[in-house]
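# An overview of the molecular structure
Chain residues, written in single-letter form:
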Amino acid sequence: MSGAGEPGWGAPTADAGPPAAAGPAPVTPADAADAARLVSFGLQPKLLPARDAEYGELLRRYRDEPAFARLADAVATGLGLVVLEVSTRAGMAVTAAEDSVFAVRMGEYARRASADSADRFLHGLAHLAVAALAFPRPEDLADDGYIGRITVNGVDAFVRQACRRLEERAEQEGENTDPATDAPGLESAWRIYARRSATGATKDARRLAGSTTGIIAKAVTFLVDSGFLQRTGDDAGGAYRTTARYQLQVRDMAGSAAMAELLELGIVPVADGSAALLPGEDTDDLDLVSDAGLPFHSG
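Residues numbered from 1 in each chain as written. Predicted model: local features only at pLDDT ≥ 70, side-chain atom pairs only at ≥ 80, totals over all residues. Heavy atoms only, no water.

## Some remarks on the overall build of the protein chain
Summing up its helical and strand segments, the protein chain has eleven helices and seven strands in all. Counting over 299 residues, the protein chain shows a buried share of 41%. Within the protein chain, contacts between residues at least 6 apart in sequence are counted, and of these 61% link residues at least 24 apart. A total of about 15600 Å² of accessible surface is found on the protein chain, and carbon and sulfur atoms cover 53% of it. (Helix = DSSP H or I, 4+ residues; strand = E, 2+ residues; numbered from the N terminus. Buried < 20%, exposed > 50% of the residue type's maximum accessible area, 1.4 Å probe, protein only. Contact = heavy atoms within 4.5 Å. Areas by Shrake-Rupley, 256 points an atom, 1.4 Å probe, with all protein chains shown as cover.)

Quick look at the structure:
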């Protein structure tokens with residue numbers, strides 16, 4: 001107990017200087033839990049911040065509290081995730097790095113869809129074509145307010161136009177037009193695609209899963225389940241619109257050789273979700289990349 005006239009424990013003495021400025025509040029286990037919770041929301045692609053009060057509050061903390069933002073970024077990095085954007089329009093939009101446990105690998109995706117090894121090219125090409133048609137111009141990809149629209153039949157028609165363009169060019173240059181079906185590269189994928197039936201044939205006229213429109217339908221269903229597309233109708237085999245999260249994802253892959261090669265063919269978007277190619281003379285100077293990567297990590 002303090003003696004008479006003595007300052008109590010912790011009380012300032014007569015010669016104490018001004019109180020030290022308060023430093024940043026230490027990070028607590030509760031903060032770490034909240035940061036991990038925010039990342040978990042980002043891994044639920046269909047969840048919109050406007051529809052979840054907790055998600056919205058964590059986004060506010062990310063915006064207003066730099067220490068919390070750094071903590072959430074660190075949690076994402078530790079999980080092998082790349083933060084593309086954190087905003088009210090897209091939520092915490094993340095994509096998986098190649099070595100992340102969350103990475104979707106082309107081999108795994110194709111095995112879920114089909115046992116045919118050639119289909120991994122076709123599924124990759126379907127995803128690539130959807131991305132190119134959804135955002136055919138750089139300004140579309142850069143505009144946060146832009147909404148792309150695609151249809152299953154429109155994607156199929158566009159890829160078949162590209163197949164014909166490339167086949168004509170190969171014939172003019174005397175190139176081998178019958179590569180091995182397991183040869184790598186985007187051009188080989190197009191040639192395999194050209195040989196595949198658009199719809200297949202069943203007695204009740206249903207679309208076969210291994211047909212090109214069947215493959216595209218599986219691709220867009222995957223994109224819907226991933227929060228990248230939203231279905232808007234049944235026209236032309238299925239009509240879809242893009243989400244903010246998909247725009248961010250396509251921005252991330254836009255520098256790939258395969259994406260650049262497809263865009264260089266000259267895509268003209270059409271309002272009904274289909275597309276056309278520019279006249280053939282525009283492609284005279286194209287240098288096709290024989291080993292261009294498809295839009296999934298290999299494996």
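Structure's up, so let's keep going.
## A word on the pairing of strand β1 (residues 81–87)
Here β1 pairs with strand β2 (residues 91–96) via six bridges, running antiparallel. Across the sheet, residue Leu81 finds its bridge partner in β2, namely Ala96. (Pairing = 2+ DSSP bridges.)

## Let's talk about the pattern of salt bridges
Under the criterion given, the structure shown has 15 salt bridges. A salt bridge links Asp225 to Lys46; the nearest nitrogen and oxygen atoms lie 3.8 Å apart. Of this pair, Asp225 sits in helix α9 (residues 212–225) while Lys46 sits in the loop between α1 (29–42) and α2 (53–64), placing them 179 residues apart in sequence. Taking the relative accessible area as the measure of exposure, Lys46 reaches 51% and is therefore exposed. Two residues, Arg89 and Asp144, come together in a salt bridge whose shortest N-O distance is 3.3 Å. Placement of the pair is Arg89 in the loop between β1 and β2 and Asp144 in the loop between α6 (138–142) and β3 (149–151), with a sequence separation of 55 residues. Judged by relative accessible area, which is 44%, Asp144 ranks as partly exposed. Overlapping salt bridges, with partners in common, bring together Asp31, Asp34, Glu57, Arg60, Arg61, Arg63, Asp64 and Glu65 in one network. (Salt bridge = Lys/Arg side-chain N within 4 Å of Asp/Glu carboxyl O.)

## Considering a nonpolar patch on the surface
Where nonpolar side chains cluster on the molecular surface, the patch consists of Leu43, Leu79, Val101 and Phe102 and spans about 350 Å² of accessible area. Assignment of secondary structure puts Phe102 in the loop between β2 and α4 (106–113). (Patch = residues over 30% accessible without salt bridge, like charges linked within 9 Å, V, L, I, M, F, W, Y side chains within 5 Å.)

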